[in-house]
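Each chain, letter by letter, is given below.
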Amino acid sequence: MSRFDLGRNIRNPKTVPATAEGFYRAADDAKTVRICGELADVQEARLRGGLTKDEYRTQKAALKLGLPFYTPHAHFAKGYKSSEGEPVDSGKAVIDVDGCSHFAELYERHLKGRERALGINMVNRSVSGTGGHVLFDIPEGLTRRQAQAWMAHELGDVAFDKAVHEVERAIYIPCRAYILYIDEELMFSDTLHGAVGVEGSKDLKDLKDLKDLNDASGAREAKGKGGAAPADERTRFIAQGVMREKGLARQDFLDEGGRHTSVKMFLSGATPLLTEAEANGVLSELMPDHWADENIQTLVSDFYTKYHDPTQRLLKYQEALFTESRRLGRNDGKGSPADEERSLAAEPPAMPRRLPRLIALLTGKTPAAYRAAVAHAVFPPLATHLCDVRFRYTDNVEHEATLMNCLMAATGAGKGCIDEPIAHIMADIERRDEENTRREAEWKKDCMRKGANKDKLLRPEGLVIQTIDPDMTKPALVTRMDEAEGHFVYVKLNELDLFEQLRGTTGKQHFQLMCLAFDPGATYGQTRVGTQSVTARPRCRFNWNACTTLQKGRRFFSRVLTDGPISRINFCTIPEDEIGAEQPVYGQYDTAFDEALRPYIGNLTAARGLIDCPQATQLARRLQQECAEFARLSQSEVYWNLSHRACVIAWLKACVLYVANGQRWERGIEEFVRWSLEYDLWCKMQFFGADIEQAMKGDERTGTRGPRNLLELLPTTFTLDDARRVRQQQGLGTAHTAKMVRNWKSRGYVTQISDISFQKSARFARVGET
């Protein structure tokens, strides 16, 4: 007989004894999978500011009501919460860890490999994606609360919901993708297998004293972990800047339910700028009644001891806050905001710390300064391994993984950093091409011996050569495409201007090739009347990498700024080293590296047909929305136009990573792909933005910086005249000012308070001005 029950949904809370079959049926149900996906979208919308806190709570609660559930603490012989009989205690306990985005990492670090010894039945992410659960058999001699405290200690002293102890508690069943570990034998057994020897352990004796934590004990904990330095002008200024960047208001730190997440968001931006004591000092002002709570102090301590990397480059807004905070109280006339903006514009977005496993492998041997370039440059050779693989974009158009990368950096910047990773990715194709080149040469010799004989040998099947020489001609390229049997052809150009060999009579055929390669279903070829000439028009499957200097790159694309090639290519760069910098040192690309890479290449090579990756599709929609919002706020037509294909490129990268990972999604993909999109657009705006704008409008060049969020440049309460003035300062015309503000109003960015004045919403208002 099962020790706990399963229920269809909480609206109709009838339960049946739990079985493995019933549990998996609920987890795999299409409705469960759909709701988990929708909850993830709602959470993302909340973090991005698309939903208010109340809207998020309402939508989350409504979605959860449709999910199946289980009752971990009891079996209900007379029905769930029935008054006709007492529930039968299951002898199991569950800990509910909420507001913990790194729950999976905690499991990997503290519990994985010890599950049986700890009596663990199941470990899973919560259906909302903001935490997780551990279901386990209670060790002999412990109460449920003591067992929960013990398991939280085993999980790294994590904070958990102490209210989740009653026997009637129901827990929503997650989709199977959220289940990190399950032991069917323990979970659905009639007998218990709790951890042995826990009752008399020193850990348990210590934990018994923690059962009834209150604010006073939390304060003692805080004092022991680093104390609180009184907040001053500098730390308050930094705190306000971080809150403004994260869209946080003071009320968010006071509201029950969202407090933990608000502190987490705040710390993610504040830890590089404030010491632990300074952060506690700010939190003591923001949330005086709760800053010393155990879960808050555990969170603060974890951020500073486990997640903060002092060597990580500051983000642009963090650099701005640091610089400005150091000038508080000084009147030296240096460092105007305009100067600061110009200096910050020279820095591309910082690479995320969490990377997909494949990207972490490919960049692991690379010096830090070159990793961003390598992370972008590896995609064309990876995608070249795909054959007859298609993905359906958000507009229902099928794409193959056409990826073209151009590395633009100063002379001597180290553009050769991409050579070794690309060489190792392409090694299997190079070996096959070498053999096929030998076979092709033998076949040609045989054909020549036949002369004009009508019985000439046909070209052998499978004689595919994907890599082409940098000094390619159009006939050679067309021939290789025609004989590729559905594979991509690939070339790596050490100099971008080697494309000039394909320019043709019009001088632009090489640019047309770039456009055709990216566009789904396009063909490329030539028609000739000569019997010995190449006449073919195959599907244009062409991936490439190229390097160039900044000056050459701008000059190369100067005639096609608005013709399409720039938007179809993924750009990257290498920051300039300071004079006298030490020589970067690479790791060894050895046999172990090749062995670690082999499974990913195998997954790419084995894939065929139309592949559905719902996570990548959902991510593409979110990226489109984010780009659209920034375009509305910046009023940059250039950014808006470039963002369309940049989103497609980012989505294709997500799809390639998904296939390389064995058609499994991993959490690091989304953060990496979003950064990749931002980096690509930063490069395009930095290198070509002003030139494209000049070409589009025929106006004089206005500068080299990227688009600005115009709403951030306005005061909290502003007039139409203020908006016109800001547009003029950013080089935009004033004719569409009213239309822009109406757009903001309809999107909820501002509210109208009179005929000519408006007020920014709390999301965009400056802290302290609302």
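These figures come from a predicted structure and were not determined experimentally.

Caption draft 1: Here's a closer look at the pattern of salt bridges. Tallied over the entire structure, the rule returns 37 salt bridges. Here E278 and R234 are joined by a salt bridge, their closest N and O atoms 2.5 Å apart. Of this pair, E278 sits in helix α11 (residues 276-286) while R234 sits in helix α9 (residues 233-246), placing them 44 residues apart in sequence. Note on accessibility: E278 and R234 belong to one class, buried. A salt bridge links R357 to E666, with the nearest nitrogen and oxygen atoms 3.6 Å apart. Taken together, the positions of R357 in helix α15 (residues 357-363) and E666 in the loop between α26 (637-660) and α27 (668-697) put the pair 309 residues apart, joining distant regions of the chain.

Caption draft 2: Highlighting the sheet that holds strand β12 (residues 398-399). On the basis of which strands lie adjacent, the open sheet formed by 3 strands has the order β12-β11-β17 and mixed pairing. At either end of the open sheet lies a strand with only one pairing partner, and these are β12 and β17 (609-610).

Caption draft 3: Representation of the side chain of R144 in the model. Its location among the elements puts R144 in helix α5 (residues 144-154). Each residue touching R144, except ones within four places of it in the same chain, is listed here: H73, D89, S90, G91, K92, A93, I138, H165 and V167.

Caption draft 4: A look at the nonpolar core. Ranked by internal contacts, the top residues of the largest apolar core, which has 113 residues, are F391, L477, F499, F542, W544 and F557. With 17 residues, α26 is the single largest residue contributor to this core. The contacts of F557, once residues within four sequence positions are left out, are L496, F511, M514, P565, I566, I569, F571 and F688. With 54 residues, the next largest nonpolar core counts I138, A147, M265 and Y304 among its residues.

Caption draft 5: View of the pairing of strand β11 (residues 389-392). Residues V389 and F391 line the buried face of β11, whereas the alternating positions R390 and R392 sit on a face that is not buried. The pairing of β11 with β17 spans 2 bridges and is parallel. Bridged to V389 within β17 is G609. Both β11 and β12 contribute to a ladder of 2 bridges, which runs antiparallel. In the sheet register, F391 faces β12, and the bridge partner there is H399. Taking the residues between adjacent antiparallel strands as the criterion, β11 and β12 are bridged by 5 residues, where N396 takes a positive phi near 70 degrees.

Rules used in this analysis
- Residues numbered from 1 in each chain as written.
- Predicted model: local features only at pLDDT ≥ 70, side-chain atom pairs only at ≥ 80, totals over all residues.
- Heavy atoms only, no water.
- Salt bridge = Lys/Arg side-chain N within 4 Å of Asp/Glu carboxyl O.
- Helix = DSSP H or I, 4+ residues; strand = E, 2+ residues; numbered from the N terminus.
- Buried < 20%, exposed > 50% of the residue type's maximum accessible area, 1.4 Å probe, protein only.
- Pairing = 2+ DSSP bridges.
- Contact = heavy atoms within 4.5 Å.
- Core = buried A, V, L, I, M, F, W, Y, C linked by side-chain atoms within 4.5 Å.

That's the geometry; what it means functionally is another story.
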